[in-house]
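As a plain string of letters, each chain reads:
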Amino acid sequence: MTRSIEQSGATMMGDLQQAPALALDDHRLALGHVRTALLISMLHTLVAIVYFQGGYMTGGALTLAVLLAGAWAGNLVLAMLVWRRRTLGRQDPTLSLQWNLWLTASVLTTAYFMNEFRLSMAMLFFAAMLLASFRQALPGLLLVSGAGMAGYLLVLILVWQQRGLQMNLTLEMLQWLLFCITAVSFVITGVGINALRSSLTAKNRQLNDALAQAREMAIRDELTGLFNRRHIMELLAQQRALAESGEYRFTVCFVDLDHFKRINDRFGHGSGDRVLRRFAQIAHETLREADYIGRLGGEEFVLVLPQSDAQGAAQVAERLRAALAAEDFSPLDPALSASVSIGIAEYRPGENLKDTLARADHCLYLAKSRGRDRVVAEPVSPEAALTLAPQI
Ligand SMILES: Nc1nc2c(ncn2[C@@H]2O[C@H](COP(=O)(O)OP(=O)(O)OP(=O)(O)O)[C@@H](O)[C@H]2O)c(=O)[nH]1
């Protein structure tokens, strides 16, 4: 079928608009992720300051300052990368894995400088795990949880080496075990969330496909695949609006297959259907990309030729007429042939569409009454009609 302006335009504009739109979505998503990660980091900073004030940290103010400055330096690097769109086009533009690992490192390093309250600081790791559950698949989840468990164990070993006397090793190991069990349960939850997300994505895609199919069906004629009457009338109204708003012209052609009843009666309704479908294909091959064609019903079609006057449209219509007349229908039946009559009228600014269509219909009537298989375009004079028949 003919790719109309709307179709080709929609495809082209769609392609052009979709890429930035997708990028915009990715960027918005990534910024949302950055906000959550920064929030967790703020929580970590706040808790560290409170513990420091309460005297639960072993280092001095300088240690705390270096710790927090280091954590925020990493945060800012990651945030800038996302914010400046450096991550767009990556498989994960949110840099989720990098954020999770960095938050884990920040929290566990701070935990190293804590006294017996270190588990409560290390628990902040689960905020990072929660964030990971929404973004990471199993390998990412395993990596983050593994980093958390191994990191916390390393913290305990280092503390034991340096401040072993102040530690209750059994209690610390039990707490670490609890930490590991919780981390594993987060991995399991993350896998569930992932499965849910994948199924939602697939459902969403199916829904979009179904919607696109439904939209396509609503504007197409089932037999020929051309635009249906309703849609071609909508397109005509759009053309009229364009013509009314500026230097724009368009021409309407009424196309009617000749003696179609005879084709049906002689060769059968099935052959008639095939002729209609073949005509639609020929129209698709013959017309310009910018032109529209729709089936009004039965063996009647309407062509809308943007930026064409009646004479230009007559040339296009003549190509279509000649192509159908030359078509070899012998595979259907050696005696089968088909032809069309076409009436053409250019839209006159200010007029009602009904009037344009009535003028095109009148030209079609003239084409039929003057012997069919011909094109009649306005302005109609007996000579003009004759010079158009059978070739322009
Ligand atoms: N095969 C087929 N025939 C159809 C379809 N829709 C309408 N028709 C037939 O198309 C024929 C149209 O006949 P008419 O309106 O008399 O026109 P015509 O025989 O083409 O005569 P002229 O237009 O005067 O050349 C009718 O017999 C309809 O039954 C369709 O979808 N498939």
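Everything numeric here is computed off the predicted structure, so don't read it as measured data. (Residues numbered from 1 in each chain as written. Predicted model: local features only at pLDDT ≥ 70, side-chain atom pairs only at ≥ 80, totals over all residues.)

Undergrad: What exactly am I supposed to notice about the packing of helix α10 (residues 269–286) against helix α11 (residues 310–325) here?
TA: For the pair α10 and α11, the least separation of the axes is 10 Å and the interaxial angle reads 135°. In this view, α10 runs oblique relative to α11, as classed from their interaxial angle. Seen from above, α10 lies across α11 with right-handed handedness. Residues F279, I282, A283 and T286 of α10 form the contact with α11, whose participating residues are R319, L320, A323 and L324. Taken together, the residues of the contact of α10 with α11 sort by class into six nonpolar, one polar and one charged. (Axes fitted to C-alpha atoms, helices over the stretch in contact; angles between N-to-C directions. Helix = DSSP H or I, 4+ residues; strand = E, 2+ residues; numbered from the N terminus. Parallel < 35°, antiparallel > 145°, perpendicular 65-115°, else oblique. Left-handed = near helix turned anticlockwise from the far one by under 90°. Contact = placed C-beta atoms within 7 Å. Nonpolar A, V, L, I, M, F, W, Y, C, P; charged D, E, K, R; others polar.)

Undergrad: Just checking my understanding: could you explain the site of the ligand for this structure?
TA: The ligand sits among 17 residues. The nearest are D258, F260, K261, G272 and G298. Looking at the shell around the ligand, the elements that each hand over two or more residues are β1 (250–257), α9 (260–267) and α10. (Near = placed C-beta within 6 Å.)

Undergrad: Quick question: what am I supposed to make of the sheet that holds strand β3 (residues 300–306) here?
TA: Each strand in a sheet pairs with its neighbour through backbone hydrogen bonds, running either in the same direction (parallel) or in the opposite one (antiparallel). The strand order across the open sheet formed by five strands is β2-β3-β1-β4-β5, and the pairing between neighbours is mixed. Each edge of the sheet is formed by a strand with only one pairing partner; in this case those strands are β2 (292–297) and β5 (375–377). Going across the sheet, the axis of each strand differs from the next one's by a mean of 20°, ignoring polarity. Note that β1 and strand β4 (residues 340–346) share seven bridges and pair antiparallel. Among the inter-strand pairings, F254 is bridged to a residue of β4, identified as G343. Along the sheet face, helix α8 (residues 229–245) touches β1, β2 and β3 and points at about 135° away from the line of β2. Running at roughly 170° to β4, α11 makes contact with β1, β3, β4 and β5 of the sheet. (Pairing = 2+ DSSP bridges.)

Undergrad: Teacher, can you tell me more about the confidence of the model for the chain here?
TA: Atomic detail in the predicted coordinates should be set aside for any region of low pLDDT. Looking at the chain, the pLDDT average stands at 88 and 90% of residues meet or exceed 70. Within the model, pLDDT remains below 50 along residues 1–22, and this stretch shows 21 contacts once partners closer than five positions in the same chain are excluded. Contacts of residues 385–392 to residues separated by more than four positions or lying in other chains number 19 contacts, the stretch itself having pLDDT below 50. Both confidence scores are given for the complex: pTM 0.62, ipTM 0.96. (pLDDT = per-residue confidence, 0-100.)

Undergrad: Got a minute to help me understand the pairing of β2 in this structure?
TA: A regular strand places its side chains so that they alternate between the two faces of the sheet. The sheet contact formed by β2 and β3 spans five bridges and is antiparallel. Across the sheet, Y292 pairs through a bridge with V304, a residue of β3. The turn joining β2 and β3, which pair antiparallel and follow one another in sequence, is formed by two residues; a positive phi near 50° is taken by G298.

Undergrad: Got a minute to help me understand unusual backbone geometry in this structure?
TA: A negative phi angle characterises most non-glycine residues, just as the trans form characterises most peptide bonds. Following E378, the chain continues to P379 via a peptide bond in cis, the omega torsion being 0°. Its location among the elements puts P379 in the loop between β5 and α13 (382–387). Backbone geometry places Q307, a non-glycine residue, at a positive phi of 55°. Despite not being glycine, D373 has its phi angle at roughly 50°, a positive value. By the secondary structure assignment, D373 is in the loop between α12 (353–369) and β5.

Undergrad: Just checking my understanding: could you explain helix α2 (residues 61–83) for this structure?
TA: Helix length check: α2, at 23 residues, gives a terminal C-alpha distance of 31 Å against a target of 33 Å (1.5 Å per residue), a fit within 8%. Those residues of α2 not exposed but buried are L67, A71, N75, L78, A79 and V82. Looking one or two places after α2, you find R85, whose phi comes out positive at around 65°. (Expected span 1.5 Å × (residues − 1). Buried ≥ 20, exposed ≤ 12 C-beta atoms within 10 Å, placed from the backbone.)

Undergrad: Could you clarify how one ought to interpret the nonpolar core in this entry?
TA: For soluble globular proteins, nonpolar side chains are generally found buried alongside one another. Membership of the largest hydrophobic core comes to 47 residues, with the highest contact counts inside it found for C253, V304, A317, I342 and I344. If one sorts the elements of this core by residue count, α11 sits on top with seven residues. Residues in contact with A317, not counting those within four places in the same chain, are C253, L303, I342, I344 and V375. Membership of the second largest hydrophobic core comes to 41 residues, among which are A79, V107, L124 and L156. (Core = buried A, V, L, I, M, F, W, Y, C linked by C-beta atoms within 7 Å.)

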